[in-house]
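Coordinate inspection notes
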Amino acid sequence: MRNLILVGPMGAGKSTIGRLLAKELRLPFKDSDKEIEQRTGADIPWIFDVEGEQGFREREQAVICSLCESDGLVLATGGGAVLRPQNREALRNCGRVVYLHASVEQQIDRTARDRNRPLLRAPNPGQVLADLLAIRDPLYREIADVIIETDERPPRMVVQEILERLEALTPR
Ligand SMILES: Nc1ncnc2c1ncn2[C@@H]1O[C@H](COP(=O)(O)OP(=O)(O)O)[C@@H](O)[C@H]1O
Ligand SMILES: O=C(O)C1=C[C@@H](OP(=O)(O)O)[C@@H](O)[C@H](O)C1
Ligand SMILES: [Mg+2]
C-alpha cells in the first residue's frame, strides 16, 4: 500500500510514533498539524482563536487531501481528522491505516503539560477527551486496518508492534 497513516485521539502518540516509524522504515514523515501550521504561517491555537474550529477543519481537509496524493509517506493525522467523511475516504484510499488506541486516563497524562491543543483548554479536559472518544472511536475503527493498544507501552514497543501487525496483513 502507498502510505502509512496514523489515526487516533490526542495523546495516543501519533506524532511521536509516526516519526519513529518513518525513521525505522526510512520513509519521509509528515504530520498534518505541522503541515497546516506551515501552510498557514501560524500555529494551531492561533487558527482556532481567529478562524474557529470550522476554519481549522477546512485547512485540515485541504492538507489531508493534498498529502493523500503522495506515495511512500508515514502520515500522522490530528485527532479530529476522521470527522469529515471526505477525509475518511481519502485516508482509507491512500494507504494502510493504523488506529493508535489510548485510554482517556493515558490521554490525560500525555496531554496535561502541553498548551497547544485548544480543545483541551476547557475546565475539565478529561471530560472533553471522554466525550470526543465516544464520538470518534467508531470513526477510527471504520477506517482502521489495524488497532494498536498504546497504554503503558513505550513508543519503541508500539513501533515494533505496528511493524509486526502490518507485516501480517494480506494485500488489499
Ligand atoms: N507510548 C507512549 N508512552 C509514553 N508516552 C508517550 C507515548 N506516545 C507518546 N507519548 C508522549 O505523549 C505526548 C503526546 O504525544 P503525541 O505524539 O503528541 O500524541 P498525538 O500526536 O497523538 O496527540 C508526548 O509528550 C509524547 O512524548
Ligand atoms: O482532536 C482534535 O480535534 C485535535 C487534535 C490535535 O492533534 P493531535 O491529535 O496530534 O494532538 C490537533 O489537530 C488539533 O488541536 C485538534
Ligand atoms: Mg500529533
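Residues numbered from 1 in each chain as written. Chains lettered and ligands numbered in written order. Predicted model: local features only at pLDDT ≥ 70, side-chain atom pairs only at ≥ 80, totals over all residues. Heavy atoms only, no water.

Turning to the site of ligand 1, a few remarks are in order. Close contacts around ligand 1 come from 13 residues, with Gly-11, Lys-14, Thr-16, Arg-117 and Arg-153 the closest. At 2.9 Å, a backbone N or O of Gly-11 approaches an oxygen atom of ligand 1. Within the contact set of ligand 1, an oxygen atom lies 3.4 Å away from a backbone nitrogen or oxygen of Ala-12. With the chains in place, 71% of the 560 Å² that ligand 1 exposes on its own is no longer accessible. Per-class residue counts for the shell around ligand 1 are 5 nonpolar, 4 polar and 4 charged. (Near = heavy atom within 4 Å. Polar contact = N/O pair within 3.5 Å; in protein donor to acceptor, adjacent residues only side chain to side chain. Areas by Shrake-Rupley, 256 points an atom, 1.4 Å probe, with all protein chains shown as cover. Nonpolar A, V, L, I, M, F, W, Y, C, P; charged D, E, K, R; others polar.)

All right, on to the UniProt feature "binding site: substrate" (unreviewed entry) in the chain then. The UniProt record annotates "binding site: substrate" (unreviewed entry) at Asp-33, Arg-57, Gly-79 and Arg-136. Tracing the sequence through the fold places Gly-79 in the loop between β3 (74–76) and α4 (85–93). Owing to a relative accessible area of 9%, Gly-79 belongs among the buried residues under this scheme. By secondary structure assignment, the location of Arg-136 is in helix α6 (residues 125–143). Here Arg-136 is in contact with Arg-57, Gly-79, Gly-80, Leu-83 and Leu-119, once residues within four sequence places are set aside. In terms of polar contacts, Arg-136 uses its side chain to reach the backbone carbonyl oxygen of Gly-79, at 3.3 Å. (UniProt positions renumbered as here; feature names shortened; annotations may be inferred. Helix = DSSP H or I, 4+ residues; strand = E, 2+ residues; numbered from the N terminus. Buried < 20%, exposed > 50% of the residue type's maximum accessible area, 1.4 Å probe, protein only. Contact = heavy atoms within 4.5 Å.)

Further remarks concern the pairing of strand β1 (residues 3–7). Here is the key point about a regular strand: its side chains alternate between the two faces of the sheet. Judged by how many residues are buried, β1 sits mostly within the fold: 5 of 5 residues are covered. Neither face of β1 is left uncovered, since the one carrying Asn-3, Ile-5 and Val-7 and the one carrying Leu-4 and Leu-6 both have all their residues buried. Here β1 runs beside strand β4 (residues 95–101); their pairing, made up of 5 bridges, is parallel. By the bridge assignment, Val-7 is partnered in β4 with Tyr-99. Relative to β3, β1 runs parallel, the two sharing 3 bridges. (Pairing = 2+ DSSP bridges.)

Another aspect to go through is the pairing of β4. With 7 of its 7 residues buried, β4 lies for the most part within the structure. Pairing of β4 with strand β5 (residues 146–149), which is carried by 4 bridges, proceeds in the parallel orientation. Residue pairing for β5: His-101 is matched across the bridge by Glu-149.

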